[in-house]
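Listed below, chain by chain, are the residues.
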Amino acid sequence: MDGYERKRGKLADLNSLLRGSAENKFSLIIGNIDVLDKIRYVITLDSDTQLPRDSARQFIGAMSHPLNKPKYDSKKRRVTDGYSILQPRVAVSLPGTNRSRYARLFGSDPGIDPYTRAISDVYQDLFSEGSFIGKGIYDVDTFEQALKDRFPENRILSHDLLEGCYARSGLFKRCAII
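Residues numbered from 1 in each chain as written. Predicted model: local features only at pLDDT ≥ 70, side-chain atom pairs only at ≥ 80, totals over all residues. Heavy atoms only, no water.

**Topic: the pattern of salt bridges**
Part 1 of the reasoning: Under the definition given, this model contains 6 salt bridges.
Part 2 of the reasoning: Here Lys 38 ties to Asp 37 by a salt bridge, and the two come within 3.9 Å at their closest N and O atoms.
Part 3 of the reasoning: In this structure, Asp 54 and Arg 57 form a salt bridge, with 3.9 Å as the shortest nitrogen-oxygen distance.
Part 4 of the reasoning: Among the residues examined, Asp 54 registers a relative accessible area of 39% and is labelled partly exposed. (Salt bridge = Lys/Arg side-chain N within 4 Å of Asp/Glu carboxyl O. Buried < 20%, exposed > 50% of the residue type's maximum accessible area, 1.4 Å probe, protein only.)

**So, the packing of aromatic side chains**
Part 1 of the reasoning: Under the counting rule described, the total for this entry stands at 2 aromatic pairs.
Part 2 of the reasoning: With centroids separated by 4.3 Å and ring planes inclined at 35°, the aromatic side chains of Tyr 138 and Phe 143 adopt a geometry described as tilted. The two residues Tyr 138 and Phe 143 agree in class, both being buried.
Part 3 of the reasoning: Between Phe 151 and Tyr 166 the ring centres are 5.5 Å apart and the planes differ by 65°, which places this aromatic pair in the edge-to-face class. Here Phe 151 is found in the loop between α6 (140-147) and α7 (159-167), whereas its partner Tyr 166 is found in helix α7, with 15 residues between them in sequence.
Part 4 of the reasoning: Residue classification places Phe 151 among the buried residues on the basis of a relative accessible area of 16%.
Part 5 of the reasoning: Judged by its relative accessible area of 25%, Tyr 166 is partly exposed. (Phe/Tyr/Trp six-rings, centres within 6.5 Å; stacked < 30°, edge-to-face > 60°. Helix = DSSP H or I, 4+ residues; strand = E, 2+ residues; numbered from the N terminus.)

Laid out in C-alpha cells, this is it:
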C-alpha cells in the first residue's frame, strides 16, 4: 500500500501477526510463529532510542499491576480505566545533549538523578492519563480492541494522541528511555 501510515500501519500488521492473521503482510518470517499468540505486551521504541537495563521488566511489572489493568467499555468503545499503554519518561543521554541547539534548550540535565528533577506531567496529574508519544509498552489485545478499524486510513497526521485517548495511555515515571 502506497502511503500506508508508517508506524500505525506497522503496529496494526504486527498485532495481526501476533494474533494469527497477517502472515501475508510480511515479506519474510523466520522461525516458529505458533508461539506469537502468547505475547501479551509489545514495547515500541524508535531506532535512536535506548532501553536501559531492567526497564523492560519494570514496564511489564507496571502493566501487570491490578490498578493498571485496562478495562474496555464496549459502549464507549474505549479503555475507561487502567491503561493499555504505559510510556516512560524520556531522558537525554550525555552525548545527546550537544547534538543540536534544540537539544541544548529543551533537553533535561544530563547525568543528574532524574527522580529529583521530574516533578509532574499535567495530563497525568489532572486526568490520570498521559499523552502518548509513540514509545512505551502496550497490551496487544486491549490496544487492538480499542483501535482496530477505528480510524480511516491515510487521513490522520498524528495518530499517537488519538491512540492514547482511546486505548488510554499512562505515564510511568519510574522508568526512563534515553
